[in-house]
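# Examination of the molecular architecture
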Amino acid sequence: MRLSLVALLLTAAAAVAQQRAVVSEVGIADARWTAGLWAERFDACRTATVPAMGTRMTGPDNRFLHNFRVAAGLTDGEHRTPAWNDGDFYKWLEAAAAVYAVTRDETLNKQMDEAVTVIAKAQRADGYLHTPVLIAERGGKPLKPFQDRQHFEMYNFGHLFTAACVHHQATGKTTLLDVAKKAADHLCDVFAKPTPELARNSVCPSHYMGLIDLARETGDDKYRKLAVKLLDMRDLVTDGGDDNQDRIPFRKQTEAVGHAVRANYLYAGVADIYAETGDETLLPPLQKIWANMATRKMYVTGACGALYDGASPEGSKEQKTITRTHQAYGRDYQLPNSTAHNETCAAIGNVLWNWRMLKLTGEAKYADVLETTLLNAVLAGVSLDGKRFFYTNTLRQLDTMPISLRWSREREEWISCFCCPPNVARIVAQVSRYAYGRSDRGVWVHLYGGSTLDTTLPDGRRIKLTQETEYPWDGRVKLTVNTAPAGECSLFLRVPGWAKGAEVSVNGKAVEFTVGKYAEVRREWKTGDVVTLTMPMNPRLLEAHPLVEEARNQVAVARGPMVYCLESQDLPKGASVPRVAVSADIKLTARHDRKLLGGVTVLDGTAELTAEQAWGDELYREVKPTAAKPIEVKFVPYFAWANRGKSEMTVWVPRTR
């Protein structure tokens with residue numbers, strides 16, 4: 001298909017805008033899953049998640065699109081809380097558009113058209129679009145825009161911008177993009193003269209990413225400039241706190257703090273702005289904050305935001321600086337298991353942040369965290385059938401819990417705060433875009449899974465690849481060149497940090513590389529060339545830093561990129577999760593079970609079951625010798641737990657020696 005002149009100009013503008021990035025993403029439909037875990041997860045998203053969610057979110061008896069109908073005067077009614085529902089509906093639109101880009105499902109296309117028509121009718125003439133305010137105006141009880149940070153206006157605008165760009169890429173239509181441009185133009189007017197009051201409108205700041213998306217999609221630099229202005233405007237906040245990451249200016253920050261979703265959205269947005277501007281004052285804090293998160297505040301699954309509630313900075317001598325935090329990063333090494341919050345949206349924010357850091361630098365460590373988070377923390381947020389969801393993601397669940405917590409310990413079809421389900425949908429629908437990248441030197445392979453790639457390099461040369469693998473269950477990856485670009489071109493293969501002993505070869509000839517980095521293979525390719533990557537997939541026992549107190553003298557089990565857990569359904573009758581312990585030299589055998597949990601690789605081994613000892617009201621007592629007997633255990637992938645009914649589960653297991 002020949003590109004129009006406008007499309008060529010927009011492509012050129014995007015290339016210039018992202019020139020500071022080492023790697024750029026491929027087109028929305030350039031990469032497609034063909035087999036394996038990610039193909040299965042995309043299929044569940046396509047056939048179950050997006051349709052069921054669309055029915056729920058567009059129906060007349062629920063919120064979301066209903067709010068837009070009321071705001072447009074198409075029906076009577078009041079706004080149905082919470083205030084961020086607009087943004088959550090935009091997430092569903094983004095997911096639907098991403099699915100449509102691959103399937104060309106006309107039913108989905110029609111459903112999106114109908115929704116976009118309603119949204120456009122709801123938009124005010126000056127471009128303002130936030131249903132709580134618009135409905136209040138229509139009801140004769142006007143609310144002043146941008147006065148209450150808890151209205152989440154900028155969060156909703158940001159998701160509108162991103163959804164509009166994905167919708168335009170998938171459909172070629174400008175209907176939603178026109179709405180987004182009109183809304184962004186309104187923001188340009190509103191924030192023309194920044195004030196401390198306006199600066200407070202930065203809660204859960206998806207708008208930095210959204211504006212950069214809009215700048216890249218349209219080629220209009222005013223949206224980039226607005227993103228920069230809004231980021232700099234944060235420094236005007238005079239009553240900020242760590243919960244919203246505005247207690248101190250961003251450029252002085254060194255650690256991940258506060259509400260983890262807000263934090264990760266901020267860090268991802270700043271990475272986007274750095275990519276566009278090259279502002280060297282932005283990269284050092286991003287690197288320091290990332291190091292703090294990845295080495296002191298991230299769970300083994302890639303989840304983050306450990307605390308339901310906390311205070312930050314904890315224990316500060318300056319009492320007046322301490323603010324309440326919720327759904328938050330805690331202090332260094334504060335990673336509780338049974339009471340872990342770990343909102344699914346925070347894991348998605350971690351993906352968005354690491355994806356941008358990867359594109360900026362081309363460093364494999366960001367891709368490693370991206371993959372860990374996707375396969376464990378993100379996939380855990382949605383059931384295997386694609387219809388039930390977790391808001392929070394614990395690492396240990398027992399029948400007797402020490403505290404009653406706010407969110408359900410079982411996956412639910414409906415969650416009163418419905419932000420996570422459509423967020424999962426839009427990420428799973430677009431994981432194929434994270435699988436590959438491109439640069440002036442060639443094609444990058446970030447994620448492994450049965451797939452095809454048909455894309456063009458920045459200089460216009462076309463390349464087509466086929467990837468064959470059963471990863472993450474098997475470590476053998478075969479890449480075949482189906483269409484070779486003229487001249488020299490590099491193929492970059494990520495070799496994960498855990499893949500010690502990996503091998504790379506081209507047409508059977510070994511290639512030198514370093515584990516934990518990208519292996520660059522540069523040559524003049526020919527159709528039929530084959531590149532193989534073989535990664536040992538031996539089960540590994542992991543231990544936590546000694547300061548992670550809730551994991552002391554315990555181990556977690558991993559194989560390849562997958563984290564495993566012990567679930568009560570797989571224990572002998574009468575056994576319970578807290579009574580199981582393993583030795584550091586446990587022998588675990590990998591076995592693929594096609595009938596279990598949709599087909600997963602399990603790890604079999606022999607553990608110890610300690611004798612059950614009842615506790616009374618005592619808080620402490622003398623140690624009593626306990627007998628133990630060997631039992632056969634089976635570890636299953638963490639993302640697949642809670643798909644067989646109510647259960648006990650733990651990622652961390654006591655260590656006997």
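Residues numbered from 1 in each chain as written. Predicted model: local features only at pLDDT ≥ 70, side-chain atom pairs only at ≥ 80, totals over all residues. Heavy atoms only, no water.

### Side note on the environment of V577
To keep it simple, the criterion reads: A run of DSSP states H or I qualifies as a helix once it reaches four residues; a run of E qualifies as a strand once it reaches two. Both are numbered from the N-terminal end. Any two residues whose heavy atoms approach within 4.5 Å are treated as being in contact.
With respect to the element layout, V577 can be found in the loop between β19 (562-567) and β20 (580-581). Through-space distance from the C-alpha of V577 to that of L370 is 30 Å; in sequence the pair is 207 residues apart. Not counting residues up to four positions away in its chain, the partners in contact with V577 are L398, L566, S568, L571, E648, M649 and T650.

### Focus on the packing of aromatic side chains
Applied cut-off: Any two of the Phe, Tyr and Trp rings considered here, Trp counted by its six-membered ring, make a pair once their centres fall within 6.5 Å; the pair's planes then place it as stacked at under 30 degrees, edge-to-face at over 60, or tilted in between. The cut-offs for exposure are 20% and 50% of the maximum accessible area for each residue type, with area from a 1.4 Å probe on protein chains only; residues under the lower value are buried, those over the upper are exposed, and the others partly exposed. Criterion for a charge above a ring: Lys NZ or Arg CZ within 6 Å of the ring centre, and within 35 degrees of the ring normal.
Following the criterion strictly, the structure yields 22 aromatic pairs and no others. Ring geometry for W33 and W38: centres 6.2 Å apart, planes at 20 degrees, overall stacked. A single burial state applies to W33 and to W38, both of which are buried. Here the aromatic residues Y128, F146, F157, F161 and F191 are joined through ring pairs into a cluster of three or more. Sitting over the ring of W525, R523 keeps its end group 5.2 Å from the ring centre.

### Quick notes on the pattern of salt bridges
Our working rule: In the sections that follow, a salt bridge refers to a side-chain nitrogen of Lys or Arg positioned within 4 Å of a carboxyl oxygen of Asp or Glu.
Here the structure, examined in full by the defined rule, presents 48 salt bridges. The shortest N-O distance in the salt bridge between K91 and D88 comes to 3.0 Å. You can see K91 and its partner D88 sitting in helix α4 (residues 85-103), 3 residues apart, about one turn around the helix. According to the relative accessible area criterion, K91 is buried, its value standing at 1%. One salt bridge connects D368 with R494, and the closest N-O pair in it is separated by 2.6 Å. Here D368 is found in helix α15 (residues 364-378), whereas its partner R494 is found in strand β12 (residues 488-494), with 126 residues between them in sequence. Assigned by exposure class, D368 and R494 land together as buried. Salt bridges sharing partners connect three or more residues here, namely R216, D272, E276 and R356.

### Here we look at the packing of helix α8 (residues 175-190) against helix α11 (residues 221-233)
Our working definition: Here an axis means a line fitted to C-alpha atoms, over the contact stretch when the element is a helix, while the angle between two N-to-C directions is reported on a 0 to 180 degree scale. We call two directions roughly parallel when the angle between them is under 35 degrees, roughly antiparallel when it is over 145, roughly perpendicular when it lies between 65 and 115, and oblique otherwise. Left-handed is the label given to a crossing in which the near helix is rotated counterclockwise from the far helix by less than a right angle, and right-handed is the label when the rotation is clockwise. Each residue is assigned to one class: nonpolar for Ala, Val, Leu, Ile, Met, Phe, Trp, Tyr, Cys and Pro, charged for Asp, Glu, Lys and Arg, and polar for all the others, Gly among them.
Running from N to C, α8 and α11 point in directions that differ by 50 degrees, and their axes come no closer than 10 Å. The pairing of α8 with α11 is recorded here as oblique in orientation. Between α8 and α11 the crossing geometry is left-handed. Every residue of α11 that contacts α8 at K181, A184, D185, L187 and C188 is listed here: K222, Y223 and L226. Split by residue class, the contact of α8 with α11 holds 5 nonpolar, no polar and 3 charged.

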